[in-house]
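Residues per chain, in single letters:
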Amino acid sequence: MVGFKYRYMAMEVFIDPNKDISKDDPIILSQHNIYKAIKDSILVNFGECGLASSLVSFQVKYVNPITKVCIIRASRDEHQKVWAATTMVRSVGNCPVVFNLLDLSGNIRACKSAALKCEEMKFEHLKIVSGALQTEDINKHMHNLERIKMLER
């Protein structure tokens, strides 16, 4: 018996730089917020039938709110629909965003390595830009790296 075939998409979320980030309305990227934005986009663009066929296997597996990298799972038959709907997402919450596909693969290990590579590059860039990082930022980043390494289990 063959298991269910999935496609994993490593995606990067770009937040609009022209958006005024205020303290009372912070930008929060979470699994729930991204899931809801993509689900709403599938409903608008593909209707209820498209939503029903996609939701069987659609899941946001991982989100890093610091580096803004996420991993999305969809069935092999429906991954193009989920990918198209993700491309058409214009906002998460009240914040305008754009999704960029980093990697599309058939197993989570390959997708995880692409996401790790992107996160490490962003973390190195953050180190250079901010100079010496506080230990709290380093601890948060290390915790998120441990979460992504545990995805296969």
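Everything discussed here concerns the structure shown above.
A brief look at the structure comes next. (Residues numbered from 1 in each chain as written. Predicted model: local features only at pLDDT ≥ 70, side-chain atom pairs only at ≥ 80, totals over all residues. Heavy atoms only, no water.)

## Details of the overall build of the protein chain
Reasoning step 1: Secondary structure summary: the protein chain contains 4 helices and 5 strands in total.
Reasoning step 2: Start at the N end of the protein chain and walk to the C end: the helices and strands fall as β-α-β-β-α-β-β-α-α.
Reasoning step 3: Residues counted as buried form 35% of the 153 residues belonging to the protein chain.
Reasoning step 4: Looking at the protein chain alone, contacts between residues at least 24 apart form 75% of all its contacts between residues at least 6 apart.
Reasoning step 5: Element-wise, carbon and sulfur atoms account for 54% of the exposed surface of the protein chain, whose accessible area totals about 9100 Å². (Helix = DSSP H or I, 4+ residues; strand = E, 2+ residues; numbered from the N terminus. Buried < 20%, exposed > 50% of the residue type's maximum accessible area, 1.4 Å probe, protein only. Contact = heavy atoms within 4.5 Å. Areas by Shrake-Rupley, 256 points an atom, 1.4 Å probe, with all protein chains shown as cover.)

## Considerations on the sheet that holds strand E3 (residues 69-75)
Reasoning step 1: Here we have 5 strands laid out as an open sheet, ordered E2-E3-E1-E5-E4, and antiparallel in their pairing. With one partner strand each, in any of the chains shown, strand E2 (59-64) and strand E4 (91-92) form the two edges of the open sheet.
Reasoning step 2: The pairing of strand E1 (residues 6-15) with E3 spans 7 bridges and is classified as antiparallel. Following the sheet pairing, tyrosine 6 is matched in E3 by serine 75.
Reasoning step 3: Contacts between helix H2 (residues 79-87) and the sheet are confined to E1, E3 and strand E5 (95-105), with E1 contributing the most and set at about 5° to the helix. (Pairing = 2+ DSSP bridges. Axes fitted to C-alpha atoms, helices over the stretch in contact; angles between N-to-C directions.)

## Overview of the packing of helix H1 (residues 31-55) against H2
Reasoning step 1: One can describe the packing of H1 onto H2 by two numbers: an axis separation of 8 Å at closest approach and a directional angle of 160°. Of the possible angle classes, the one that applies to H1 and H2 is roughly antiparallel. Regarding H1 and H2, the two cross each other, and that crossing is right-handed. When H1 is examined against H2, the residues Ile38, Ser41, Ile42, Phe46, Gly50, Ser53 and Ser54 are found in contact with a partner set consisting of Lys81, Val82, Ala84, Ala85 and Thr86.
Reasoning step 2: The residue inventory of the contact of H1 with H2, partitioned by class, reads 6 nonpolar, 5 polar and 1 charged. (Parallel < 35°, antiparallel > 145°, perpendicular 65-115°, else oblique. Left-handed = near helix turned anticlockwise from the far one by under 90°. Nonpolar A, V, L, I, M, F, W, Y, C, P; charged D, E, K, R; others polar.)

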